Amino acid sequence: MGKVKITETALRDAHQSLIATRMPIDDMLPIAEKMDKVGYHAIEMWGGATFDSCLRFLNEDPWERLRKLRRVFKNTKLQMLLRGQNLLGYKHYPDDVVEEFIRLSIKNGIDIIRIFDALNDPRNLKTSIDSTKKYGGHAQVAISYTTSPVHNNEYYVKLAVELANMGADSICIKDMSGILLPYPAENLVRELKKEISLPIEVHSHFTSGLANQTYMKAIEAGADIIDTAISPLGNGTSQPATEPMVASLEGTEYYPDLDFNLLLEVSDYFMKLREKYLKKGLLDFKVLNVDINTLKYQVPGGMLSNLVSQLKAQNKEDKYEEVLKEIPRVREDFGYPPLVTPMSQMVGTQAVFNVILGERYKMVPTEAKNYVKGLYGKPAVELSEEIRTKIIGDEEVFTGRPADLLEPQLESYKNEIKEYLEQEEDVLSYALFPQVALAFFKQRQAELYKIDSELLDKKNKTYPI
């Protein structure tokens, strides 16, 4: 036991949770140098939805964002979130694409890669762990936390031991829904500490209003690192606020080794940003509320807003409560997957179909069918024959590692976009988000030609003597 370390999420998960990942690099750079001097363990600033959002909404190259921040953060580790074999997309990618993505992430400045899988299937984590270690990164492997008749301490400890044996450098308890309660957190950390000697990080969301207490009990049980967000971007569906969390440890052996006064200056900067986002309509006060229904339905904040928009599109908002009740039933039918991307979208959409169509599994999206076929990995509980037959009939279920079905694709991606390639990283942007990346490349090229033609005009101009 000793001083706890703080990972700051303001530049990734906090704005992903509160303003749909819309913080541009120009809002990050003015405060980055100050943040670098606070004494944080790490800054989480890449991965998750940031990659897609940069290309799709902000007209930014995500790789350039990483390089710019790396140049400023000279003392603090940079951290990203990676969905294992899904990378930052929503499907499995071949091993050659996974390895190349990790190689270039580390080359461009990432120190710590937090790797998770929506089903906690170690086979979906292996290539990412091996590649991270091969290229000199820190492989932090996350356990996607959920509760069910099978998800108990014994399950999590056994999983953590397996991940440690696979080469994990640290373990993260990833509570994406804010459902990890204080005393269960204390027990889980204590049990993990008995069996593994790796650092343990705890990640939660304030959605249910409990994460502060959860962090305190986890720290007392020996957690080494906690994830927090500077207060203007903290709480609600984001992480617990950094400053109050740090202040609450004052006078104890756990008090972090950081500059609290500097932390307050960082907070002042983000308060101005928060006001700007409120005016722009990017930040909705709803996401700052405590929603205790989270504990009942285990639905992460982002998933709730998705459900509302799906129901609005069908003029079926009155079915909201019914859909919330259907989610745990679908989740049970699907073998109790943790509700994290892409499983949260899959379970949520299926619940909406079941309610709106008035018949369960009358319509099943392709992704859900593929999941039942075993193409996403192994669920914690095998699906019943009744559900399997209803969804995929007598089709065979694949029991191997899903990525073994995929052929190498890196070279074909390179060929497809050779006329737009400006850096080796472009191939990965295209592999993950083909249409979005292609539109970005075309715009980038058009802008470049415009600049070139302006230079050409100046060069060819003749002036009268």
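Preceding block: the structure.
So, a few notes on the structure that sits alongside this text. Just so we're clear, the structure is a prediction, and the values are computed from it rather than from any experiment.

## Observations concerning the pattern of salt bridges
- Inspection of the entire model under this criterion finds 35 salt bridges.
- Across the pair K37 and E33 runs a salt bridge whose closest N-O atoms are separated by 3.6 Å.
- For K37, a relative accessible area of 53% gives the class exposed.
- Between E191 and K194 there is a salt bridge whose closest N-O contact spans 3.2 Å. Pair noted here: E191 and K194 are both in helix α8 (residues 182–195), with a separation of three residues, about one helical turn.
- Among the residues examined, E191 registers a relative accessible area of 31% and is labelled partly exposed.
- Taking relative accessible area as the criterion, K194 reaches 59% and is therefore assigned exposed.
- Salt bridges linked by common partners bring E64, R67, R71 and E425 together as one network.

## Here's the deal with the nonpolar core
- L11, M35, F101 and F270 are the most contacted members of the largest nonpolar core, which has 99 residues in total.
- Among the nonpolar cores identified, the runner-up in size contains 36 residues, and Y297, V372, I387 and I392 belong to it.

## Focus on helix α6 (residues 126–134)
- Those residues of α6 not exposed but buried are T127, S128, I129, S131 and T132.
- Its buried side turned inward, α6 meets β3 (77–82), α5 (95–107), β4 (112–115) and β5 (138–144).
- Just downstream of α6, G136 is the residue with a positive phi angle, here 85 degrees.

## Thoughts on the pairing of β3
- Of all the six residues making up β3, five are buried; the element is thus mostly covered by neighbouring parts of the structure.
- Looking at chain direction, strand β2 (residues 42–47) and β3 are connected through five bridges and run parallel. Bridging from a neighbouring strand, W46 pairs with M80 of β3.
- Here four bridges tie β3 to β4, and the two strands are oriented parallel to one another. Across the sheet, the residue bridging to M80 is I113, located in β4.
- In this view, the connection linking β3 to its parallel neighbour β4 by way of α5 has right-handed handedness.

## Some words on the pairing of β4
- Side chains I112 and R114 project from β4 onto one buried face, and the interleaved I113 and I115 project onto a second face that is buried too.
- Judged from the four bridges that link them, β4 and β5 form a sheet pairing that is parallel. Paired with I115 across the bridge in β5 is V141.
- Once you follow β4 into α6 and on to β5, the crossover reads as right-handed.

## What about the sheet that holds β2?
- Pairing in this closed barrel of eight strands is parallel, and the strands run β1-β2-β3-β4-β5-β6-β7-β8 around the ring. Taking the axes of each pair of neighbouring strands and ignoring which way they run, one obtains an average angle of 30 degrees across the sheet.
- α5 rests against β2, β3 and β4 of the sheet, and its axis sits at about 160 degrees to β3.

## A short note on the packing of aromatic side chains
- Applying the stated criterion across every chain yields a total of 14 aromatic pairs.
- Ring geometry for Y269 versus F270: centroids 5.4 Å apart, planes at 90 degrees, classification edge-to-face.
- For F270, a relative accessible area of 0% gives the class buried.
- An aromatic cluster of at least three residues, connected via ring pairs, comprises W46, F51, W63, F101 and F433.
- Positioned above the aromatic ring of F57, the side-chain terminus of R22 is 3.7 Å from the ring centre.
- Directly above the ring of F116 sits K174, whose terminal nitrogen or CZ lies 4.8 Å from the centroid.

Definitions and cut-offs
Residues numbered from 1 in each chain as written. Predicted model: local features only at pLDDT ≥ 70, side-chain atom pairs only at ≥ 80, totals over all residues. Heavy atoms only, no water. Salt bridge = Lys/Arg side-chain N within 4 Å of Asp/Glu carboxyl O. Buried < 20%, exposed > 50% of the residue type's maximum accessible area, 1.4 Å probe, protein only. Helix = DSSP H or I, 4+ residues; strand = E, 2+ residues; numbered from the N terminus. Core = buried A, V, L, I, M, F, W, Y, C linked by side-chain atoms within 4.5 Å. Contact = heavy atoms within 4.5 Å. Pairing = 2+ DSSP bridges. Right-handed = clockwise from strand over helix to strand, strands pointing away. Axes fitted to C-alpha atoms, helices over the stretch in contact; angles between N-to-C directions. Phe/Tyr/Trp six-rings, centres within 6.5 Å; stacked < 30°, edge-to-face > 60°. Lys NZ or Arg CZ within 6 Å of the ring centre and 35° of its normal.

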